[in-house]
Protein chains: 2
Amino acid sequence: MEKHSKIIREILSQAKINVENGYGPFLAALYDETGNLISQSSNSVIKDCCSNHHAEMNAIKLAEKKLGTYDLSKYNLSLYVTAEPCMMCLGAILWSGIKKVFYSVSTKDVEEITGFDEGIKPDWIKEFENRGIEVCGEIEVEEGKKLLTDYVKEKREIYKPKREK
Amino acid sequence: MEKHSKIIREILSQAKINVENGYGPFLAALYDETGNLISQSSNSVIKDCCSNHHAEMNAIKLAEKKLGTYDLSKYNLSLYVTAEPCMMCLGAILWSGIKKVFYSVSTKDVEEITGFDEGIKPDWIKEFENRGIEVCGEIEVEEGKKLLTDYVKEKREIYKPKREK
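The sections below set out a description of the structure shown in this document.

Quick notes on the rules
Residues numbered from 1 in each chain as written. Chains lettered and ligands numbered in written order. Predicted model: local features only at pLDDT ≥ 70, side-chain atom pairs only at ≥ 80, totals over all residues. Least-squares fit on C-alpha atoms with pLDDT ≥ 70 in both. Contact = placed C-beta atoms within 7 Å. Buried ≥ 20, exposed ≤ 12 C-beta atoms within 10 Å, placed from the backbone. Helix = DSSP H or I, 4+ residues; strand = E, 2+ residues; numbered from the N terminus. Pairing = 2+ DSSP bridges. Axes fitted to C-alpha atoms, helices over the stretch in contact; angles between N-to-C directions. Nonpolar A, V, L, I, M, F, W, Y, C, P; charged D, E, K, R; others polar. Arc of directions from axis to C-beta. Parallel < 35°, antiparallel > 145°, perpendicular 65-115°, else oblique. Left-handed = near helix turned anticlockwise from the far one by under 90°.

## Things to note about the relation of the copies chain B and chain A
Each copy superposes on the other: chain B lies on chain A with an RMSD of 0.0 Å after a rotation of 180° and an axial shift of 0.0 Å. Both chain copies can therefore be described as sitting about a two-fold axis. Measuring from the rotation axis to each C-alpha of chain B, the shortest distance belongs to Met88 of chain B, at 2.0 Å. Here 100% of the contact residues of chain B are again contact residues in chain A; the copies associate through an equivalent surface.

Dropping the structure here:
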(Lines give C-alpha, C1' and ligand atoms only; values in the text may rest on other atoms or scores of the structure.)
Protein backbone atom coordinates (compact mmCIF):
# COMPACT_ATOMS: atom_id res chain seq x y z
CA MET A 1 0.00 0.00 0.00
CA GLU A 2 2.88 2.38 0.79
CA LYS A 3 4.05 2.05 -2.85
CA HIS A 4 0.65 3.16 -4.13
CA SER A 5 0.43 6.07 -1.67
CA LYS A 6 3.87 7.25 -2.76
CA ILE A 7 2.87 7.32 -6.43
CA ILE A 8 -0.42 9.07 -5.64
CA ARG A 9 1.47 11.74 -3.65
CA GLU A 10 3.90 12.18 -6.55
CA ILE A 11 1.16 12.59 -9.16
CA LEU A 12 -0.75 15.01 -6.92
CA SER A 13 2.41 17.18 -6.71
CA GLN A 14 2.91 17.04 -10.46
CA ALA A 15 -0.78 17.83 -11.06
CA LYS A 16 -0.45 21.00 -8.95
CA ILE A 17 2.51 22.15 -11.10
CA ASN A 18 0.56 21.39 -14.29
CA VAL A 19 -2.45 23.43 -13.07
CA GLU A 20 -0.09 26.43 -12.84
CA ASN A 21 0.66 25.82 -16.52
CA GLY A 22 -2.97 25.85 -17.66
CA TYR A 23 -3.98 22.20 -17.29
CA GLY A 24 -7.07 20.91 -15.46
CA PRO A 25 -6.80 19.62 -11.85
CA PHE A 26 -6.57 15.91 -12.71
CA LEU A 27 -3.54 13.80 -13.61
CA ALA A 28 -3.20 10.16 -14.68
CA ALA A 29 -0.12 7.96 -15.02
CA LEU A 30 0.37 4.42 -16.31
CA TYR A 31 3.04 2.15 -14.82
CA ASP A 32 4.11 -1.34 -15.81
CA GLU A 33 4.61 -4.25 -13.37
CA THR A 34 8.24 -3.36 -12.68
CA GLY A 35 7.36 0.23 -11.80
CA ASN A 36 8.38 1.88 -15.08
CA LEU A 37 6.39 4.97 -15.98
CA ILE A 38 4.83 4.36 -19.42
CA SER A 39 2.85 7.59 -19.80
CA GLN A 40 1.58 10.54 -17.79
CA SER A 41 -0.80 13.38 -18.58
CA SER A 42 -2.93 16.05 -16.98
CA ASN A 43 -6.42 16.94 -18.16
CA SER A 44 -5.99 19.23 -21.19
CA VAL A 45 -9.62 20.11 -22.02
CA ILE A 46 -8.98 23.87 -21.88
CA LYS A 47 -5.50 23.79 -23.48
CA ASP A 48 -6.62 21.58 -26.39
CA CYS A 49 -10.16 22.96 -26.59
CA CYS A 50 -11.50 19.37 -26.54
CA SER A 51 -13.91 17.96 -23.97
CA ASN A 52 -12.55 14.41 -24.55
CA HIS A 53 -9.10 15.28 -23.27
CA HIS A 54 -9.31 14.05 -19.69
CA ALA A 55 -6.09 12.94 -18.00
CA GLU A 56 -6.90 9.22 -18.30
CA MET A 57 -7.80 9.52 -22.02
CA ASN A 58 -4.52 11.32 -22.74
CA ALA A 59 -2.46 8.82 -20.75
CA ILE A 60 -4.09 5.85 -22.56
CA LYS A 61 -3.47 7.43 -25.97
CA LEU A 62 0.18 8.18 -25.14
CA ALA A 63 0.79 4.63 -23.84
CA GLU A 64 -0.80 3.03 -26.90
CA LYS A 65 1.29 5.22 -29.18
CA LYS A 66 4.48 4.37 -27.26
CA LEU A 67 3.78 0.62 -27.21
CA GLY A 68 2.30 0.48 -30.72
CA THR A 69 -0.98 -1.24 -29.78
CA TYR A 70 -4.63 -0.47 -29.06
CA ASP A 71 -4.67 -3.38 -26.54
CA LEU A 72 -2.52 -2.74 -23.48
CA SER A 73 -3.58 -5.98 -21.74
CA LYS A 74 -0.33 -7.90 -22.23
CA TYR A 75 1.64 -5.12 -20.49
CA ASN A 76 -0.33 -5.53 -17.22
CA LEU A 77 -0.49 -1.78 -16.66
CA SER A 78 -1.68 0.01 -13.53
CA LEU A 79 -3.43 3.36 -13.82
CA TYR A 80 -2.83 5.88 -11.03
CA VAL A 81 -5.11 8.87 -11.08
CA THR A 82 -5.74 11.85 -8.81
CA ALA A 83 -9.52 11.27 -8.79
CA GLU A 84 -12.02 8.47 -9.40
CA PRO A 85 -12.51 8.31 -13.18
CA CYS A 86 -15.69 9.74 -14.73
CA MET A 87 -18.07 7.68 -16.90
CA MET A 88 -16.14 8.43 -20.12
CA CYS A 89 -12.79 7.46 -18.63
CA LEU A 90 -14.16 4.26 -17.05
CA GLY A 91 -15.40 3.23 -20.48
CA ALA A 92 -12.01 4.07 -21.98
CA ILE A 93 -10.22 1.98 -19.33
CA LEU A 94 -12.39 -1.04 -20.26
CA TRP A 95 -11.47 -0.66 -23.96
CA SER A 96 -7.74 -0.16 -23.26
CA GLY A 97 -6.90 -3.40 -21.43
CA ILE A 98 -5.57 -1.63 -18.29
CA LYS A 99 -5.41 -4.17 -15.40
CA LYS A 100 -5.40 -2.12 -12.18
CA VAL A 101 -6.82 1.26 -11.14
CA PHE A 102 -5.66 3.31 -8.11
CA TYR A 103 -7.19 6.70 -7.37
CA SER A 104 -7.27 9.43 -4.76
CA VAL A 105 -10.54 11.38 -4.27
CA SER A 106 -13.97 9.87 -4.88
CA THR A 107 -16.49 11.06 -7.48
CA LYS A 108 -18.69 12.32 -4.63
CA ASP A 109 -15.85 14.62 -3.51
CA VAL A 110 -15.08 15.73 -7.09
CA GLU A 111 -18.72 16.64 -7.72
CA GLU A 112 -19.12 18.41 -4.36
CA ILE A 113 -15.93 20.45 -4.69
CA THR A 114 -15.93 21.30 -8.41
CA GLY A 115 -19.55 21.00 -9.57
CA PHE A 116 -18.55 18.68 -12.43
CA ASP A 117 -21.08 16.01 -13.54
CA GLU A 118 -19.09 12.77 -13.57
CA GLY A 119 -21.83 10.76 -15.31
CA ILE A 120 -23.67 7.49 -14.63
CA LYS A 121 -21.57 4.71 -13.09
CA PRO A 122 -23.36 2.63 -10.47
CA ASP A 123 -21.44 -0.38 -9.07
CA TRP A 124 -18.55 0.19 -11.43
CA ILE A 125 -15.94 -1.29 -9.06
CA LYS A 126 -17.82 -4.60 -8.88
CA GLU A 127 -18.29 -4.60 -12.69
CA PHE A 128 -14.56 -3.92 -13.16
CA GLU A 129 -13.69 -6.77 -10.80
CA ASN A 130 -16.03 -9.07 -12.76
CA ARG A 131 -13.86 -8.22 -15.79
CA GLY A 132 -10.61 -8.99 -13.94
CA ILE A 133 -9.66 -5.35 -13.26
CA GLU A 134 -8.50 -4.56 -9.69
CA VAL A 135 -9.58 -1.25 -8.17
CA CYS A 136 -8.29 0.54 -5.07
CA GLY A 137 -9.62 4.00 -4.23
CA GLU A 138 -9.50 6.87 -1.78
CA ILE A 139 -5.70 6.94 -1.35
CA GLU A 140 -4.25 10.14 0.15
CA VAL A 141 -7.70 11.71 0.03
CA GLU A 142 -6.90 14.89 1.98
CA GLU A 143 -4.10 15.81 -0.44
CA GLY A 144 -6.36 14.91 -3.37
CA LYS A 145 -9.17 17.12 -2.10
CA LYS A 146 -6.72 20.00 -1.54
CA LEU A 147 -5.74 19.97 -5.23
CA LEU A 148 -9.40 20.45 -6.19
CA THR A 149 -10.33 22.97 -3.47
CA ASP A 150 -7.27 25.07 -4.42
CA TYR A 151 -8.32 24.96 -8.09
CA VAL A 152 -11.78 26.25 -7.15
CA LYS A 153 -10.48 28.85 -4.67
CA GLU A 154 -8.10 30.22 -7.31
CA LYS A 155 -11.18 30.72 -9.54
CA ARG A 156 -9.79 28.64 -12.37
CA GLU A 157 -12.05 27.62 -15.25
CA ILE A 158 -14.72 24.95 -14.58
CA TYR A 159 -14.94 23.44 -18.07
CA LYS A 160 -18.40 21.93 -18.28
CA PRO A 161 -21.25 22.30 -20.76
CA LYS A 162 -24.16 24.61 -20.01
CA ARG A 163 -27.34 22.69 -19.14
CA GLU A 164 -30.91 23.94 -19.40
CA LYS A 165 -32.08 21.37 -16.83
CA MET B 1 -39.11 10.79 -37.91
CA GLU B 2 -38.54 10.41 -41.67
CA LYS B 3 -35.77 13.03 -41.46
CA HIS B 4 -33.94 11.00 -38.81
CA SER B 5 -34.39 7.72 -40.72
CA LYS B 6 -32.94 9.36 -43.84
CA ILE B 7 -29.82 10.53 -42.01
CA ILE B 8 -29.37 7.13 -40.34
CA ARG B 9 -29.62 5.41 -43.75
CA GLU B 10 -27.06 7.85 -45.17
CA ILE B 11 -24.55 7.30 -42.37
CA LEU B 12 -25.00 3.52 -42.59
CA SER B 13 -24.10 3.71 -46.30
CA GLN B 14 -21.08 5.88 -45.59
CA ALA B 15 -19.99 3.58 -42.75
CA LYS B 16 -19.99 0.60 -45.14
CA ILE B 17 -17.68 2.49 -47.54
CA ASN B 18 -15.38 3.46 -44.66
CA VAL B 19 -15.14 -0.17 -43.49
CA GLU B 20 -13.77 -1.01 -46.95
CA ASN B 21 -11.07 1.59 -46.25
CA GLY B 22 -9.96 0.10 -42.92
CA TYR B 23 -12.25 1.83 -40.45
CA GLY B 24 -14.36 0.11 -37.77
CA PRO B 25 -18.09 -0.59 -38.37
CA PHE B 26 -19.45 2.47 -36.55
CA LEU B 27 -19.99 6.01 -37.80
CA ALA B 28 -21.13 9.18 -36.02
CA ALA B 29 -22.20 12.55 -37.43
CA LEU B 30 -23.11 15.86 -35.77
CA TYR B 31 -25.72 18.14 -37.32
CA ASP B 32 -26.89 21.59 -36.24
CA GLU B 33 -30.54 22.67 -35.96
CA THR B 34 -30.77 23.76 -39.58
CA GLY B 35 -29.48 20.42 -40.83
CA ASN B 36 -25.88 21.43 -41.57
CA LEU B 37 -23.34 18.66 -41.14
CA ILE B 38 -20.75 19.85 -38.58
CA SER B 39 -18.56 16.75 -38.37
CA GLN B 40 -18.54 13.08 -39.30
CA SER B 41 -16.21 10.21 -38.48
CA SER B 42 -15.97 6.44 -38.42
CA ASN B 43 -14.34 4.48 -35.64
CA SER B 44 -10.57 4.62 -36.24
CA VAL B 45 -9.24 2.40 -33.41
CA ILE B 46 -7.31 0.15 -35.80
CA LYS B 47 -6.16 2.90 -38.20
CA ASP B 48 -4.92 5.17 -35.40
CA CYS B 49 -3.86 2.36 -33.07
CA CYS B 50 -5.82 4.04 -30.26
CA SER B 51 -8.65 2.42 -28.29
CA ASN B 52 -10.18 5.86 -27.54
CA HIS B 53 -10.91 6.57 -31.19
CA HIS B 54 -14.56 5.57 -31.43
CA ALA B 55 -16.72 7.29 -34.03
CA GLU B 56 -18.50 9.52 -31.48
CA MET B 57 -15.20 10.59 -29.84
CA ASN B 58 -13.74 11.53 -33.23
CA ALA B 59 -16.87 13.43 -34.30
CA ILE B 60 -16.94 15.40 -31.02
CA LYS B 61 -13.26 16.31 -31.33
CA LEU B 62 -13.68 17.44 -34.95
CA ALA B 63 -16.76 19.54 -34.13
CA GLU B 64 -15.04 21.23 -31.17
CA LYS B 65 -12.02 22.00 -33.32
CA LYS B 66 -14.21 23.42 -36.09
CA LEU B 67 -16.31 25.55 -33.73
CA GLY B 68 -13.41 26.53 -31.44
CA THR B 69 -15.01 25.43 -28.16
CA TYR B 70 -15.02 22.52 -25.69
CA ASP B 71 -18.72 23.25 -24.98
CA LEU B 72 -21.02 22.55 -27.93
CA SER B 73 -24.21 23.31 -25.96
CA LYS B 74 -24.98 26.65 -27.60
CA TYR B 75 -24.99 25.03 -31.06
CA ASN B 76 -27.86 22.64 -30.15
CA LEU B 77 -26.23 19.75 -31.97
CA SER B 78 -27.80 16.37 -32.74
CA LEU B 79 -25.62 13.26 -32.81
CA TYR B 80 -26.57 10.55 -35.30
CA VAL B 81 -24.75 7.26 -34.83
CA THR B 82 -24.98 3.80 -36.38
CA ALA B 83 -25.16 2.09 -32.97
CA GLU B 84 -26.11 2.89 -29.37
CA PRO B 85 -23.02 4.54 -27.82
CA CYS B 86 -20.80 2.56 -25.43
CA MET B 87 -20.06 3.68 -21.87
CA MET B 88 -17.05 5.78 -22.93
CA CYS B 89 -18.96 7.59 -25.65
CA LEU B 90 -21.99 8.24 -23.43
CA GLY B 91 -19.66 9.89 -20.93
CA ALA B 92 -18.09 11.93 -23.73
CA ILE B 93 -21.53 13.07 -24.96
CA LEU B 94 -22.34 14.37 -21.45
CA TRP B 95 -19.09 16.39 -21.35
CA SER B 96 -19.55 17.79 -24.88
CA GLY B 97 -22.90 19.57 -24.53
CA ILE B 98 -24.59 17.62 -27.37
CA LYS B 99 -28.39 18.03 -27.09
CA LYS B 100 -29.94 15.10 -29.00
CA VAL B 101 -28.87 11.52 -29.74
CA PHE B 102 -30.29 9.31 -32.52
CA TYR B 103 -28.96 5.80 -33.08
CA SER B 104 -29.62 2.65 -35.08
CA VAL B 105 -28.80 -0.72 -33.44
CA SER B 106 -28.99 -1.31 -29.68
CA THR B 107 -26.07 -2.26 -27.44
CA LYS B 108 -27.63 -5.71 -27.02
CA ASP B 109 -27.41 -6.23 -30.80
CA VAL B 110 -23.86 -4.83 -30.97
CA GLU B 111 -22.68 -7.17 -28.22
CA GLU B 112 -24.46 -10.22 -29.66
CA ILE B 113 -23.19 -9.66 -33.21
CA THR B 114 -19.63 -8.45 -32.58
CA GLY B 115 -18.69 -9.71 -29.09
CA PHE B 116 -17.64 -6.21 -28.00
CA ASP B 117 -18.09 -5.28 -24.31
CA GLU B 118 -19.95 -1.96 -24.40
CA GLY B 119 -19.50 -1.28 -20.68
CA ILE B 120 -21.80 -0.41 -17.75
CA LYS B 121 -24.70 1.91 -18.57
CA PRO B 122 -27.97 1.10 -16.83
CA ASP B 123 -30.88 3.50 -17.36
CA TRP B 124 -28.73 5.87 -19.38
CA ILE B 125 -31.62 7.18 -21.50
CA LYS B 126 -33.53 8.29 -18.38
CA GLU B 127 -30.35 9.84 -16.95
CA PHE B 128 -29.75 11.69 -20.23
CA GLU B 129 -33.33 12.97 -20.26
CA ASN B 130 -32.86 14.18 -16.65
CA ARG B 131 -29.97 16.27 -18.01
CA GLY B 132 -32.07 17.71 -20.86
CA ILE B 133 -30.66 15.44 -23.59
CA GLU B 134 -33.23 13.83 -25.94
CA VAL B 135 -32.62 10.25 -27.06
CA CYS B 136 -34.25 8.27 -29.86
CA GLY B 137 -32.98 4.76 -30.64
CA GLU B 138 -33.42 1.73 -32.84
CA ILE B 139 -33.89 3.59 -36.13
CA GLU B 140 -33.42 1.50 -39.32
CA VAL B 141 -32.33 -1.43 -37.16
CA GLU B 142 -32.19 -4.10 -39.89
CA GLU B 143 -29.78 -2.00 -41.99
CA GLY B 144 -27.76 -1.23 -38.84
CA LYS B 145 -27.49 -4.90 -37.95
CA LYS B 146 -26.44 -5.76 -41.51
CA LEU B 147 -23.43 -3.42 -41.28
CA LEU B 148 -22.23 -5.33 -38.21
CA THR B 149 -23.04 -8.85 -39.40
CA ASP B 150 -21.22 -8.14 -42.69
CA TYR B 151 -18.18 -6.86 -40.73
CA VAL B 152 -18.10 -10.11 -38.74
CA LYS B 153 -18.78 -12.35 -41.78
CA GLU B 154 -15.94 -10.69 -43.67
CA LYS B 155 -13.67 -11.68 -40.73
CA ARG B 156 -12.54 -8.11 -40.10
CA GLU B 157 -10.61 -7.30 -36.92
CA ILE B 158 -12.53 -7.30 -33.60
CA TYR B 159 -10.46 -4.71 -31.71
CA LYS B 160 -11.00 -5.50 -28.05
CA PRO B 161 -8.59 -6.14 -25.17
CA LYS B 162 -7.81 -9.70 -24.08
CA ARG B 163 -9.45 -10.57 -20.75
CA GLU B 164 -8.40 -13.30 -18.33
CA LYS B 165 -11.90 -13.43 -16.84
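## Overview of the pairing of strand β1 (residues 27–31) of chain A
In the case of a regular strand, side chains alternate between the two sheet surfaces. All names here are of chain A. With five of its five residues buried, β1 lies for the most part within the structure. Across the two faces of β1 the burial is the same, with Leu27, Ala29 and Tyr31 and Ala28 and Leu30 all buried. Summarising the sheet, β1 and strand β2 (residues 37–42) pair through five bridges and their orientation is antiparallel. The partner of Leu30 across the bridge, within β2, is Ser39. Hairpin connection of β1 to β2: five residues between the antiparallel strands, including Gly35 at a positive phi of 90°. Taken together, the four bridges between β1 and strand β3 (residues 78–83) define a ladder with antiparallel strand orientation. Bridging from a neighbouring strand, Ala28 pairs with Val81 of β3.

## What about the sheet that holds β2 of chain A?
Residues and elements named next belong to chain A. Pairing within the open sheet is mixed, and its five strands lie in the order β2-β1-β3-β4-β5. Each end of this open sheet is capped by a strand with a single partner; those strands are β2 and β5 (134–136). Each strand of the sheet is rotated relative to its neighbour by a mean of 15°, with strand direction disregarded. Across the sheet, helix α3 (residues 55–67) lies against β1, β2 and β3, angled at about 145° from β2, the strand it touches most.

## Quick look at the interface of chain B and chain A
At the junction of the two partners, chain B supplies 40 residues and chain A supplies 41 residues. At the level of elements, α3 (55–67), α4 (87–96) and α6 (124–130) of chain B are the ones that each hand at least two residues to the side of chain B that touches chain A. In the side of chain B that touches chain A, the residues fall into 18 nonpolar, 11 polar and 11 charged.

## Structural notes on helix α5 (residues 107–114) of chain A
Residues and elements named next belong to chain A. Buried within α5 we find Val110, Ile113 and Thr114. Across the axial projection of α5, the buried residues extend over an arc of 80°, all falling on one side. Contacts from the buried residues of α5 go to β3, β4 (100–105) and α7 (141–153). Following α5 by one or two positions, Gly115 adopts a phi angle in the positive range, close to 85°.

## Points about the sheet that holds strand β4 (residues 100–105) of chain B
Strand pairing in a sheet takes place through backbone hydrogen bonds and is either antiparallel or parallel in direction. Residues and elements named next belong to chain B. Reading across from one edge, β2-β1-β3-β4-β5 is the order of the five strands in this open sheet, with mixed pairing throughout. For this open sheet the edge positions go to β2 (37–42) and β5 (134–136), each flanked by a neighbour on one side alone. Direction aside, the axes of adjacent strands within the sheet are offset by 15° on average. Across the sheet, helix α7 (residues 141–153) touches β3 (78–83) and β4, and the angle it forms with β4 is around 65°.

## Quick word on the packing of helix α5 (residues 107–114) of chain B against α7 of chain B
All names here are of chain B. Interaxial distance between α5 and α7 falls to 9 Å at its minimum, and their mutual angle equals 15°. With respect to each other, α5 and α7 are oriented roughly parallel. In the packing of α5 onto α7, the handedness of the crossing is right-handed. Judged by residue contacts, Asp109, Val110, Ile113 and Thr114 of α5 engage Lys145, Leu148, Thr149 and Val152 from α7. Grouping the amino acids of the contact of α5 with α7 by side-chain chemistry returns four nonpolar, two polar and two charged.

## Focus on the packing of helix α4 (residues 87–96) of chain A against α4 of chain B
α4 of chain B packs onto α4 of chain A with a crossing angle of 155° between their chain directions and a minimal axis gap of 7 Å. As judged from the angle between their axes, α4 of chain A and α4 of chain B are roughly antiparallel. Crossing angle aside, the handedness with which α4 of chain A passes α4 of chain B is left-handed. Along its contact with α4 of chain A, which presents Met87, Met88, Leu90, Gly91, Ala92, Leu94 and Trp95 of chain A, the element α4 of chain B presents Met87, Met88, Leu90, Gly91, Ala92, Leu94 and Trp95 of chain B. Taken together, the residues of the contact of α4 of chain A with α4 of chain B sort by class into 12 nonpolar, two polar and no charged.

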